[in-house]
Amino acid sequence: AEALWRQVLSRSPANSQAIRGVAIIAAMRGDLAGACRELELALQRVPEDLEARQLLGQLRIEGGAMEEGLAELRKIAEPSAGALAWIGRVEAQLGRTAAAETAYVQGLEREPGNVWLRLYRANLHARRNDRDAEELYRELLADSPYFALGWYNLALLQQTRGEGAGALRSAERAARL
């Protein structure tokens with residue numbers, strides 16, 4: 001696959017999709033630094049390539065450079081729900097829960113049914129011991145009753161709150177899926 005992308009680049013050096021393809025292959029090989037170099041090249045050639053910018057931010061985060069990754073994601077004027085999910089997760093990991101909440105809410109404004117954003121937001125509320133965490137899980141599961149991870153996380157919340165019977169029911173539901 002990389003050879004094919006490189007052939008495309010030999011004919012069209014500014015083809016940002018081909019550069020992204022080479023970067024993705026490098027990342028799959030575990031060469032995050034090489035992947036980031038390819039994406040930086042893509043952005044030099046086509047600065048408005050939002051997919052390259054988002055992927056560069058995600059790879060920097062995966063490589064442990066969280067602040068640099070966040071900076072790349074924030075350069076996107078209208079970030080996708082996926083980019084906002086990444087921003088929220090990193091902000092939560094860094095303990096900046098208000099920023100994480102903002103990112104999740106903005107992502108849900110773009111994609112109200114995004115189960116991952118809804119789960120991450122419920123998880124954030126659960127970690128903060130907010131009373132509405134269970135309601136957020138239940139709303140998610142009412143819309144997506146076959147989302148096993150949602151049931152599992154609800155069970156963990158219930159167990160933490162000493163609701164053993166409810167935790168067992170939720171865990172059993174997760175196990176059946």
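Residues numbered from 1 in each chain as written. Predicted model: local features only at pLDDT ≥ 70, side-chain atom pairs only at ≥ 80, totals over all residues. Heavy atoms only, no water.

> I tried to follow helix H9 (residues 133–143) on my own but got confused; where do I start?
Because each turn of an α-helix spans 3.6 residues, side chains separated by three or four positions in sequence point in the same direction. Taken together, the buried positions of H9 are Ala133, Glu134, Leu136, Tyr137, Leu140 and Leu141. Taken around the axis of H9, the buried residues stretch over an arc of 160°, which confines them to a single face. More than 90 degrees from the buried face of H9, the exposed residues found are Ala142 and Asp143. Its buried side turned inward, H9 meets helix H8 (115–127) and helix H10 (148–160). (Buried < 20%, exposed > 50% of the residue type's maximum accessible area, 1.4 Å probe, protein only. Helix = DSSP H or I, 4+ residues; strand = E, 2+ residues; numbered from the N terminus. Arc of directions from axis to C-beta. Contact = heavy atoms within 4.5 Å.)

> Teacher, can you tell me more about the side chain of Asn153 here?
Mapping Asn153 onto the fold places it in helix H10. Ignoring anything within four residues of it in the chain, the contact list for Asn153 reads Leu119, Asn123 and Tyr137.

> Would you mind going over the nonpolar core with me for this structure?
What tends to happen in soluble globular proteins is that the nonpolar side chains get buried as a cluster. Core analysis: the largest hydrophobic core is formed by 15 residues, its most contacted members being Leu9, Ala35, Leu39, Ala52, Leu56 and Leu59. At the level of secondary structure, the elements contributing two or more residues to this core comprise helix H2 (16–28), helix H3 (32–45) and helix H4 (50–62). Leaving out residues up to four positions away in the same chain, Leu56 has contacts with Cys36, Leu39, Glu40, Leu43 and Glu72. Formed by 13 residues, the second largest nonpolar core is a distinct cluster that contains Leu119, Leu136, Leu141 and Phe147. (Core = buried A, V, L, I, M, F, W, Y, C linked by side-chain atoms within 4.5 Å.)

> Hey, could you run me through H2 in this one?
With 13 residues, H2 extends 18 Å between its outermost C-alpha atoms, agreeing within 8% with the 18 Å of an ideal straight helix rising 1.5 Å per residue. Three or more residues of H2 are buried, namely Ser16, Ala18, Ile19, Arg20, Gly21, Val22, Ala23, Ile25 and Ala26. Close packing links the buried residues of H2 with helix H1 (2–11), H3 and H4. The N-capping residue of H2, defined by a side-chain oxygen 3.0 Å from the backbone nitrogen of Gln17, is Asn15. Trailing H2 by a residue or two, Gly30 shows a phi angle of about 90°, which is positive. (Expected span 1.5 Å × (residues − 1). Polar contact = N/O pair within 3.5 Å; in protein donor to acceptor, adjacent residues only side chain to side chain.)

> Help me understand the packing of aromatic side chains, please; the structure alone is not making it clear to me.
Between two aromatic rings, the relevant description is the distance of the centres plus the angle of the planes. Applying the stated rule across the entire model yields 3 aromatic pairs. Ring plane angle 40° and centroid distance 6.1 Å describe the contact between Trp116 and Tyr120, whose orientation is recorded as tilted. One end of the pair is Trp116 and the other is Tyr120, both in helix H8 and 4 residues apart, which spans about a single turn. Looking at Tyr120, the relative accessible area reads 18%, which means it is buried. Geometrically, the ring pair formed by Trp116 and Phe147 is edge-to-face, given 5.2 Å between the ring centres and 90° between the ring planes. Separated by 31 residues along the polypeptide, Trp116 in helix H8 and Phe147 in the loop between H9 and H10 bring together distant segments of the chain. A relative accessible area of 41% places Trp116 in the partly exposed class. Taking the relative accessible area as the measure of exposure, Phe147 reaches 13% and is therefore buried. Members of the aromatic cluster, each reached through a chain of ring pairs, are Tyr104, Trp116, Tyr120 and Phe147. One Lys or Arg, Arg89, reaches over the ring of Trp86 and ends 5.3 Å from the middle of that ring. (Phe/Tyr/Trp six-rings, centres within 6.5 Å; stacked < 30°, edge-to-face > 60°. Lys NZ or Arg CZ within 6 Å of the ring centre and 35° of its normal.)

> What exactly am I supposed to notice about unusual backbone geometry here?
Among all residues except glycine, the phi angle is most often negative; among peptide bonds, the trans geometry is most common. Residue Asn129 is not a glycine yet carries a positive backbone phi of 60°. Residue position: Asn129 is located in the loop between H8 and H9.

> What's the story with the environment of Thr102 in this structure? I'm lost.
By secondary structure assignment, the location of Thr102 is in helix H7 (residues 97–110). Residue Thr102 is classed as partly exposed on the basis of its relative accessible area of 42%. Considering only alpha carbons, one finds Thr102 and Glu172, 70 residues apart in sequence, at a separation of 33 Å.

> For this particular structure, what's the right way to read a nonpolar patch on the surface?
Taken together, the side chains of Trp116, Leu149, Tyr152 and Leu156 define a hydrophobic patch exposed on the protein surface, amounting to about 370 Å² of accessible area. At 3 residues, the largest contribution of residues to the nonpolar patch is made by H10. Within the secondary structure, Tyr152 is located in helix H10. (Patch = residues over 30% accessible without salt bridge, like charges linked within 9 Å, V, L, I, M, F, W, Y side chains within 5 Å. Areas by Shrake-Rupley, 256 points an atom, 1.4 Å probe, with all protein chains shown as cover. Salt bridge = Lys/Arg side-chain N within 4 Å of Asp/Glu carboxyl O.)

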